[in-house]
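The lines below spell out each chain.
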Amino acid sequence: MLDAKITVSGGGAEYAAKIPNASARIFAALVRGRRYANKFILFTDGGEIRVDSELADMNTDPAARMFALRSALIKEGSFTLTGVALSADGITEDAVFALEEPFEKKAGEPLSVCAEIRIGYSRTNAALTRGDNPLAKWLLGEGALEKASLCGGHDRSPLCAAPYPTDDFSYAAQAQTVFGSDRVTFSAAVKAAPEMTLMLGGRSALKFKPLEKNTETVTASTRAAAVGRVSVGREFTEIISVSMDSAPLTDWRVERGRNRAGSPCETGLCFGAGAFIIADADASCAAVVNSEEACLLRVTDGEVSVLGFYRVKGRGVRLTRDKKLFSLDGGVLRRTGSGGDGEIELAEADSFEIAMAGENRYTLIARRGETAVVYNVENQTAAQTESFALGGDGVLLCPDGRRLAAAGSTFAARVFGSGADNADIEGFLDMVYADYGARSVSGRGPLISFTDDTGINYVADCLSGDGVDVDCEPGRKPFDGVFLNGGEMYLTDCDGGVRGMPCDVGRFTSACRIGGCVLALDGGGNLSYIPLGGSGGVILSDSVYKRANVTYVCRVPVTNVGASGVKSEVSVIFGQEEEAK
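Here is a short report on the structure shown in this document. (Residues numbered from 1 in each chain as written. Predicted model: local features only at pLDDT ≥ 70, side-chain atom pairs only at ≥ 80, totals over all residues. Heavy atoms only, no water.)

1. A short note on helix 1 (residues 22-31)
Our working rule: Partly exposed describes any residue whose relative accessible area lies between the buried limit of under 20% and the exposed limit of over 50%, with all areas from a 1.4 Å probe on protein chains only and scaled to the type maximum. Secondary structure is summarised from DSSP: a helix means a run of H or I of at least four residues, a strand means a run of E of at least two, and numbering begins at the N terminus for each. Note that the arc is defined by the directions from the helix axis to the C-beta atoms. Any two residues having at least one pair of non-hydrogen atoms within 4.5 Å are treated as being in contact.
Looking at helix 1, one finds that the buried residues are A22, S23, I26, F27, A29 and L30. Down the axis of helix 1, the sector holding all buried residues measures 160 degrees, keeping them to one side. Summarising the contacts, the buried residues of helix 1 are in contact with strand 1 (2-10), strand 9 (111-119), helix 2 (134-139), strand 13 (176-179) and strand 14 (183-190). G33, located one to two residues past helix 1, shows a positive phi value of around 70 degrees.

Encoded structure:
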C-alpha cells in the first residue's frame, strides 16, 4: 500500500534504502494522528541529529503516480550516518531506515536527505476518485483524516475514477471511522444503491460498488419495442442472463442509462493541437487522429487505455466496429489497424461512409460530385454494385455500425446494410426533408442534426425518430454520437430518446460517445473523459427482433432495507487489497 524510500547524497556519492513493511509502520503513525514525515532524525556516530523536512513535491491525484517527497539539507559538521527515521515531532521514530553501509559526511560538504512515500493500490470493487484526493493526502501524511460520510447516487460508469458533483447524491449518511490492526474502515447504515462514494470533509475520496449483501436477484420479462434493443426500466447493478422466446441469448451487451453527466476529467493524454477524435457508429471504440497518425483507444471500467498507434493517409478517416481505420486518398481506400494494412482501389471520390457487413466485409458509399456509388468491399477488393444521383443537398450517413443511409430532397432516402428497421430510418429521413425543408443534415451514429428552412436547429435520433430543438448557431454539426452546445451536451439516451445534459463542454473542439462516457478533446489536444450514468438501461443484441418476448435475470438493490437501512462499509487495508461491501 505505502512504499517508503530514503536517499542520502553528498560529496558526489549517493545511497538509497527502503523500509521493510513500510505500510504497517506508517499506518501505526497515521492512527495516532501523526504527520509522520515532518522531521528527520539522523542516527550518527556522534548521536542523533534532528532536522525539519520540507515538502519538495507531491501528487494526490490517482490519475498519475501518487507520492510525497520531503527533503532536508544539512550543511554543517562532519559525521558518519548510520540510519534515518521519519518523525512527526523529532522525538518519536515513526518509521526507521537502517543504512546497510555507513555514509560519510565530510566538513564543508552539504548532505541532502530525501524521503519519498508512494501510494500503490490494487482494487476489488473500489477506486480512488481523481483530483486532489483527501484520502491520498492523509495517507501521505500531509492532511488530517476528515469527517467521513457514505453517499448513494446513480451509477455513472463502472468504477469510474472521475469525481462526482457533491450535490448529486440521493442521500448521505455519516460514517463511523474504525481503526484495526492493518486497516481503517468506514461504515454506516445506508439505503441500497448500485454505487456509493466515500466523502471526506465534503470531498469525494473513494467510489465503490456494494457487494451482494446489498442486492437481490430478480427475473423480469418485457416485449422488445425495437429491433436489437430491450429497455430495462429499473435500476440494476448487473444483468446476469437474457433469453428471447424462452431460448437463451449469448450475443447481448448492456448499456446503462444516461440521464446525468459527470464533470469532465482529464485523462493525462495529449495529442497536440489540430487533433480530432472519432468513434465507430456503434460507440464501441474510438481513435484520435493527428496529422498522419491515429491512436486507437479503449475504455474499460472507467479507464482510458491506448491500444496502438497507426498511420493514416487521406481525407475523412473512419473507424469501424472491428477496430479498423479507413481513409480515402484520391482513388485509393486505405485500411489499417490490428491485423495489417491494405489498399483498395476505387474510382476518384470526394468523401465516403463505411459500415461493417461481416468479418473482413464492408458496405461503402462514396460521393463523387452529386453522384453516390455503392461498393461491396471484401478483403482487398471493392466491387461496385450501383450508383445513383445524390443531388446538391444529399448526404451520406452511418446510423449504426452495420448500415449506411443516403438522403436528400430530390429522392427517397435509402438504407444499405443489414437491419430490419431500414424502412423506419428511410421514412424518418424523408420526413426531415419534406416536413422541415432541411437546409443541412449531418451526423454519424444514430445522432444527427439538421436545420429547417426557418433556421431552427434540431438534434434527433434517426433510429427512433425522437428529437429536440437546440438553441445554437445555424448549421452546427454534431460529433460522433454527441452534440456539444456550450454548457449542454445532447446524446441518445438508452431508451432511444434524445436528451440534453448540463455539462461544462464549452472548451471542447472534438468529441465522441463511446460506451458509458464521452471522450472530448480541447484545442490543445488534451483528452478528457465525461462519465454518463443514471437508472435503468438497455440490453442490446443483434438477435432481438421487434415485439419479441425477452426475459432477463438481473441483480438489483434490495427493496426492503428496514428502518435502519443496510449496513455498508469500505475498508482500506494496508499491505493488501482494499475491500468494499
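2. A short note on the side chain of T80
The condition is simple: Nitrogen and oxygen atoms within 3.5 Å of one another constitute a polar contact, given that in protein one can donate a hydrogen and the other can accept it, and given that sequence-neighbouring residues count only through two side-chain atoms.
With respect to the helices and strands, T80 occurs in strand 7 (residues 79-87). In this structure T80 comes out as buried when scored by relative accessible area, which is 13%. Polar side-chain contacts of T80 include one of 2.9 Å to the side chain of E104.

3. Comments concerning the pairing of strand 14
In regular strands, side chains alternate between the two faces of the sheet. In plain terms, the rule: Each pair of strands is called paired provided DSSP finds at least two bridges between the two strands.
A large share of strand 14 lies buried, amounting to six of its eight residues. Bridge count between strand 13 and strand 14: four bridges; the pairing is antiparallel. In the strand pairing of strand 14, Q176 is matched with S187. The turn linking strand 13 back onto strand 14 is made up of three residues.

4. As for the packing of aromatic side chains
Counted only if it meets this: Each aromatic pair joins two rings of Phe, Tyr and Trp (for Trp, the six-membered one) with centres within 6.5 Å, and gets the label stacked for planes under 30 degrees apart, edge-to-face for over 60, and tilted for any other angle. Over a ring means this: the NZ of a Lys or the CZ of an Arg is within 6 Å of the ring centre and within 35 degrees of the ring normal.
Applying the stated rule across the entire model yields ten aromatic pairs. Judged by centre distance (6.1 Å) and plane angle (15 degrees), the ring pair of F388 and F416 falls under stacked. Taken as a pair, F388 in strand 35 (residues 381-389) and F416 in strand 38 (residues 414-417) lie far apart in primary sequence, 28 residues in all. Exposure class is identical for F388 and F416. Each is buried. Taken together, a centroid distance of 4.9 Å and an interplanar angle of 65 degrees make the contact between Y436 and Y458 edge-to-face. One end of the pair, Y436, is in helix 3 (residues 422-436); the other, Y458, is in strand 41 (residues 457-461), with 22 residues separating them in the sequence. On the basis of relative accessible area, Y436 is assigned to the partly exposed category, the value being 26%. Above the ring of F67, the side-chain terminus of R65 is found at 4.5 Å from the ring centroid.

5. Here we look at the pattern of salt bridges
Convention followed: Whenever a carboxyl oxygen of Asp or Glu lies within 4 Å of a side-chain nitrogen of Lys or Arg, that contact is scored as a salt bridge.
Taken as a whole and judged by the stated rule, the model has 27 salt bridges. Of the charged contacts, one joins R414 and E386 as a salt bridge, the two residues approaching to 2.8 Å between their closest N and O atoms. Taken together, the positions of R414 in strand 38 and E386 in strand 35 put the pair 28 residues apart, joining distant regions of the chain. Judged by its relative accessible area of 29%, R414 falls in the partly exposed class. Residue E386 is classed as partly exposed on the basis of its relative accessible area of 26%. Residue D493 pairs with R499 through a salt bridge whose shortest N-O separation is 2.6 Å. The exposure class assigned to D493 is buried, which follows from its relative accessible area of 5%. With relative accessibility at 31%, the residue R499 sits in the partly exposed group.

6. Regarding the sheet that holds strand 18 (residues 229-232)
We apply this condition: Whenever a helix is involved, its axis is fitted only over the stretch in contact; in every case the axis is a line through C-alpha atoms, and angles between N-to-C directions fall within 0 to 180 degrees.
Pairing is antiparallel across the open sheet formed by three strands, whose spatial order is 18-49-21. Each edge of the sheet is formed by a strand with only one pairing partner; in this case those strands are strand 18 and strand 21 (252-256). Going from strand to strand, the sheet's axes swing by 25 degrees on average, the running direction of each strand aside. Pairing of strand 18 with strand 49 (residues 537-541), which is carried by four bridges, proceeds in the antiparallel orientation. Across the sheet, residue V232 finds its bridge partner in strand 49, namely G537.

7. Some thoughts on the sheet that holds strand 29 (residues 324-329)
Hydrogen bonding along the main chain pairs the strands of a sheet, whether they run parallel or antiparallel. Pairing is antiparallel across the open sheet formed by four strands, whose spatial order is 28-29-30-31. Among the strands making up the open sheet, the edge pair consists of strand 28 (315-319) and strand 31 (342-345). When the angles between neighbouring strand axes are averaged without regard to direction, this sheet yields 20 degrees.

8. Structural notes on the pairing of strand 3 (residues 39-44)
Within strand 3, five of the six residues are buried, leaving the element largely enclosed by the surrounding structure. Bridge count between strand 3 and strand 4 (residues 47-52): six bridges; the pairing is antiparallel. Bridging from a neighbouring strand, T44 pairs with G47 of strand 4. Between strand 3 and the antiparallel strand that follows it, strand 4, lie two residues.

9. With respect to the environment of V304
With respect to the helices and strands, the residue V304 is situated in strand 27 (residues 303-311). Distance in space between the C-alpha atoms of V304 and T7 is 34 Å, their sequence separation being 297 residues. Those residues in contact with V304 that sit more than four places away from it in its chain are T267, L269, L297, R298, V299, L519, L527 and Y529.

10. A word on the nonpolar core
Within soluble globular proteins, side chains that are nonpolar generally end up buried alongside one another. The test is simple: To define a nonpolar core, start from buried Ala, Val, Leu, Ile, Met, Phe, Trp, Tyr and Cys residues and group those joined through side-chain atoms within 4.5 Å.
Residues F40, L81, L86, V113, L139, L150 and F574 are the most contacted members of the largest nonpolar core, which totals 61 residues. Not counting residues within four places of it along the chain, the set of residues in contact with F574 comprises M1, L2, S23, F27, L30, W138, L139, D182, R183 and V184. By size, the runner-up hydrophobic cluster in this structure holds 18 residues, among which are V395, I425, V432 and C462.

11. Some points on helix 3
We apply this condition: One fewer than the residue count of a helix, multiplied by 1.5 Å, yields its expected span.
Compared with an ideal rise of 1.5 Å per residue, which puts 15 residues at 21 Å, helix 3 spans 21 Å between its outermost C-alpha atoms and is within 8% of the ideal. Among all positions in helix 3, only N422, I425, F428, L429, V432 and Y433 are buried. Buried residues of helix 3 fall within an arc of 135 degrees about the axis and therefore sit on the same side. The exposed set on the far side of helix 3, more than 90 degrees from its buried face, consists of A423, A434 and D435. Directly beyond the C-terminal end of helix 3, a positive phi value near 55 degrees is found at G437.

That is the geometry; function is a separate question.
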